[in-house]
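Structural overview
One-letter residues, chain by chain:
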Amino acid sequence: MSSGGYVPRAFLCLQCVDPEEAVKIHNDVKSKFSIGVHWGTLALGLEDPDYARIELRDQVKMAKLPKDDFIAPNIGVTSRKEMYVSSLLQGCPAFE
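Note that the coordinates shown come from a computational prediction; the quantities given were computed from them, not determined experimentally.

1. Some thoughts on the pattern of salt bridges
According to the stated counting rule, one finds three salt bridges in the structure shown. Notably, a salt bridge pairs Asp58 with Arg57, separated by 3.2 Å at the nearest N-O pair. Of the residues examined, Arg57 reaches a relative accessible area of 53% and is grouped as exposed.

Structure, rendered in structure tokens:
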């Protein structure tokens, strides 16, 4: 889920969700695993590059979700869940 470049909301609300919205979407769709992406990649919004990741972690904690259910990994980090999700998408025309 895109979780960076969301401040100011009035301007960027149609492009990216903020961490609070991301957790709400995660719950609404009954996701078993979500990955926060696009944080720290481009200076689209006014927030600090690492702020979305920190705020997402706080929102996950406030929602009492298991911390491994919604992650925003450090840049360059690969997890077994991410590799599993990638393997599911291999051969899917929408992701090639």
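Read on, since the account is not over.
2. Focus on the layout of surface pockets
There is about 210 Å³ of room inside the largest pocket. Lining the largest pocket, in full, are Arg53, Ile54, Leu56, Arg57, Val60, Lys61, Leu65, Lys67, Phe70, Ile71 and Ala72. Those elements giving two or more residues to the lining of the largest pocket turn out to be helix H3 (51-62) and strand E2 (70-71). Examining the composition of the lining of the largest pocket, we find that six residues originate from one element, H3, more than from any other. A breakdown of the residues in the lining of the largest pocket according to their chemical character gives seven nonpolar, no polar and four charged.

3. Here's the deal with the confidence of the model for the protein chain
On average, residues of the protein chain score 77 in pLDDT, and 64% of them are at 70 or above. The weakest mean pLDDT in the protein chain belongs to helix H4 (residues 80-89) at 60; the strongest belongs to helix H2 (residues 19-28) at 92.

4. Brief notes about H2
Residues of H2 that are buried include every one of Pro19, Ala22, Val23 and His26, and no others. In a view along the axis of H2, the buried residues occupy a sector of 95°, so they form one face of it. Put simply, Asp18 is the residue that caps the front of H2, since its side-chain oxygen is 3.2 Å from the backbone nitrogen of Glu20. Positioned one or two residues after H2, Lys30 has a phi angle of 55°, which is positive.

5. Observations regarding the packing of H2 against H3
Running from amino to carboxyl end, H2 crosses H3 at an angle of 45°, the nearest separation of the two axes being 8 Å. The angle between the axes of H2 and H3 places the two elements in the oblique class. In this structure, H2 crosses over H3, and the sense of that crossing is right-handed. On the side of H2, the interface is formed by Pro19, Glu20, Ala22 and Val23, while H3 contributes Ala52, Glu55, Leu56, Gln59 and Val60. Broken down by class, the residue content of the contact of H2 with H3 amounts to six nonpolar, one polar and two charged.

About the cut-offs
- Residues numbered from 1 in each chain as written.
- Predicted model: local features only at pLDDT ≥ 70, side-chain atom pairs only at ≥ 80, totals over all residues.
- Heavy atoms only, no water.
- Salt bridge = Lys/Arg side-chain N within 4 Å of Asp/Glu carboxyl O.
- Buried < 20%, exposed > 50% of the residue type's maximum accessible area, 1.4 Å probe, protein only.
- 1 Å grid on protein atoms, 1.4 Å probe; cavity = no way out; pocket = protein on both sides within 12 Å on 5 of 7 lines; lining within 4 Å.
- Points joined across faces, edges and corners; volume = space filled by probe spheres on them.
- Helix = DSSP H or I, 4+ residues; strand = E, 2+ residues; numbered from the N terminus.
- Nonpolar A, V, L, I, M, F, W, Y, C, P; charged D, E, K, R; others polar.
- pLDDT = per-residue confidence, 0-100.
- Arc of directions from axis to C-beta.
- Polar contact = N/O pair within 3.5 Å; in protein donor to acceptor, adjacent residues only side chain to side chain.
- Axes fitted to C-alpha atoms, helices over the stretch in contact; angles between N-to-C directions.
- Parallel < 35°, antiparallel > 145°, perpendicular 65-115°, else oblique.
- Left-handed = near helix turned anticlockwise from the far one by under 90°.
- Contact = heavy atoms within 4.5 Å.

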